[in-house]
Amino acid sequence: MKELALHGMRYLGLALLWAMAGQALADEVNWPRMTESADGVPIAYEVQGSGEPTLVFIHGWSGDGRYWRGQVPYFSQQHRVVTLDLAGHGHSGLEREDFTMPAFGEDVKAVLEDLDVEQALLIGHSMGGPVAVEAARLVPERVIGIVGVDTFHHVAPQMSQSDLEQMLAPMQEDFTDAARHFVATMFIEETDAALRDWVIRDMTAAVPDVALSAFEDMGARHIDGEAAQHFEELTVPVVAINADLWPTDVEANRQLLPEFDAVIMEGSDHFLHMARPAAFNRELDRVIGTPP
């Protein structure tokens, strides 16, 4: 009986140890978080690391927070790093009638307020650049700067409504096929084929209604000059880290925002932060002034 009792105590002790270890491991899990945008749409986001300013990474058209995986481990060593899924993307909600740049700006605002961020540096890839501008307009007291990633090539209007309609027409007819061809033009031959294929397949799997709504709104705001006006009204510094795939007209942008500056990474493409993460991270480090 004593031996059975001893075995029972040992078993109970081991069970308690496993329970405590399991709880400790559970406490270490950094689960994604959720908040609500101004219109009630759930917005998913993740937080890693600590240190100010807080770096808020905003993905581009038909992407999500995963597109910053080459940056999160590196920058979270010295900063609080936030990645989010804009409404209609990733794990965020879809219940929105129109997916517009101002509405996406509200998504970013909701995350900043949920975390009570005091000093945010917004880093936006592609469409994420205009979204960052809208967010900065909504909460200027929380945003200290914007870094565009292959965006802000020429903020002033350059295309017509007819140009936009011609770009949209194939995607409206067959989104998957047209988006596949469209995204393929954003790469150079030297980019890793596996990365290129993953991005193309991932972006063409986007919800068509969301993608088309966002694309049309972004284009329309560029055409009517609203994007340029909002860019011109910014009160925070803006720097772009762009590839040389498409030209960046720095002087034209400075006509709107004299303090605008750009860094050009040669031999890269639209997804430079994914294709060349080490080189991109060095440039972003330099731009934001992170100590070595």
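Read on for a plain summary of the structure. On a predicted model such as this, the values are computed, not experimentally measured, just so you know.

**Some words on the pairing of strand β4 (residues 81–84)**
- Of the two faces of β4, the one holding Val81 and Thr83 and the one holding Val82 and Leu84 are both buried throughout.
- Looking at chain direction, strand β2 (residues 42–48) and β4 are connected through four bridges and run antiparallel. Across the sheet, residue Glu46 finds its bridge partner in β4, namely Thr83.
- With four bridges joining them, strand β3 (residues 54–58) and β4 adopt parallel strand pairing. Across the sheet, the residue bridging to Phe57 is Thr83, located in β4.

**Focus: the packing of aromatic side chains**
- Scanning the entire structure with this criterion turns up 12 aromatic pairs.
- Between Phe57 and Trp68 the ring centres are 4.9 Å apart and the planes differ by 50°, which places this aromatic pair in the tilted class. Highlighted residues: Phe57 in strand β3 and Trp68 in the loop between β3 and α2 (72–75), separated in sequence by 11 residues.
- Exposure remark for Phe57: the relative accessible area of 0% places this residue in the buried category.
- Joined through ring pairs, the aromatic side chains of Phe57, Trp68, Tyr74 and Phe75 make up one cluster.

**Description of the pattern of salt bridges**
- Tallied over the entire structure, the rule returns 15 salt bridges.
- A salt bridge links Arg96 to Asp39; the nearest nitrogen and oxygen atoms lie 2.7 Å apart. One end of the pair, Arg96, is in the loop between β4 and α3 (101–114); the other, Asp39, is in the loop between β1 (33–36) and β2, with 57 residues separating them in the sequence.
- You can call Asp39 partly exposed: its relative accessible area is 42%.
- A salt bridge links Asp217 to Arg221, with the shortest nitrogen-to-oxygen separation between them at 2.7 Å.

**A look at the nonpolar core**
- Counting 65 residues, the largest nonpolar core has Trp61, Leu122, Ile146 and Phe231 as its most contacted members.
- Not counting the four nearest positions on each side in its chain, Phe231 is found in contact with Val133, Phe152, Val155, Val238, Asn253, Leu256, Leu257 and Phe260.
- In this structure, Leu55, Leu121, Ile123 and Met265 belong to the second largest nonpolar core, which totals 17 residues.

**Examining the environment of Pro258**
- Examined against the element boundaries, Pro258 turns out to sit in the loop between α10 (250–254) and β8 (261–265).
- Separated by 21 residues in the primary sequence, Pro258 and Pro237 have C-alpha atoms spaced 9.5 Å apart.

**A look at the pairing of strand β5 (residues 120–125)**
- Burial within β5 is extensive, with six of its six residues counted as buried.
- Alternating residues of β5 divide into Ala120, Leu122 and Gly124 and Leu121, Ile123 and His125, and every residue in both groups is buried.
- Looking at chain direction, β3 and β5 are connected through five bridges and run parallel. When the sheet's bridge partners are listed, Val56 is paired in β5 with Leu122.
- Summarising the sheet, β5 and strand β6 (residues 143–149) pair through six bridges and their orientation is parallel. By the bridge assignment, Leu122 is partnered in β6 with Ile146.
- A crossover connection joins β5 to the parallel β6 through helix α4 (residues 128–138); in handedness this β-α-β unit is right-handed.

**Let's talk about the sheet that holds β3**
- On the basis of which strands lie adjacent, the open sheet formed by eight strands has the order β1-β2-β4-β3-β5-β6-β7-β8 and mixed pairing. Here the strands that pair on one side only, and so sit at the sheet edges, are β1 and β8. Sheet twist, expressed as the mean angle between neighbouring strand axes with direction ignored, is 25°.
- Packing against the sheet, helix α12 (residues 277–288) makes contact with β3, β5, β6, β7 (238–243) and β8, and its axis sits at approximately 160° to β8.

**Some thoughts on the environment of Arg80**
- Summarising the element assignment, Arg80 is placed in the loop between α2 and β4.
- Arg80 gets classed as buried once you look at its relative accessible area, which sits at 17%.
- With 25 residues separating them in the primary sequence, Arg80 and Leu55 have C-alpha atoms 6.3 Å apart.
- Ignoring any residue separated from it by four or fewer positions in sequence, one finds Arg80 in contact with Val47, Gln48, Gly49, Ser50, Gly51, Glu52, Pro53, Thr54, Leu55, Leu115 and Val117.
- Looking at Arg80, its side chain comes within polar contact range of the side chain of Thr54, at 3.0 Å.

**Remarks on helix α6 (residues 175–184)**
- Along α6, the residues that are buried comprise Phe175, Ala178, Ala179 and Val183. Mapping the buried residues of α6 onto a view down its axis gives an arc of 130°, with all of them on the same face.
- Packed against the buried residues of α6 are α5 (161–173), α7 (193–204) and α8 (208–223).

Cut-off values and rules
- Residues numbered from 1 in each chain as written.
- Predicted model: local features only at pLDDT ≥ 70, side-chain atom pairs only at ≥ 80, totals over all residues.
- Heavy atoms only, no water.
- Buried < 20%, exposed > 50% of the residue type's maximum accessible area, 1.4 Å probe, protein only.
- Helix = DSSP H or I, 4+ residues; strand = E, 2+ residues; numbered from the N terminus.
- Pairing = 2+ DSSP bridges.
- Phe/Tyr/Trp six-rings, centres within 6.5 Å; stacked < 30°, edge-to-face > 60°.
- Salt bridge = Lys/Arg side-chain N within 4 Å of Asp/Glu carboxyl O.
- Core = buried A, V, L, I, M, F, W, Y, C linked by side-chain atoms within 4.5 Å.
- Contact = heavy atoms within 4.5 Å.
- Right-handed = clockwise from strand over helix to strand, strands pointing away.
- Axes fitted to C-alpha atoms, helices over the stretch in contact; angles between N-to-C directions.
- Polar contact = N/O pair within 3.5 Å; in protein donor to acceptor, adjacent residues only side chain to side chain.
- Arc of directions from axis to C-beta.

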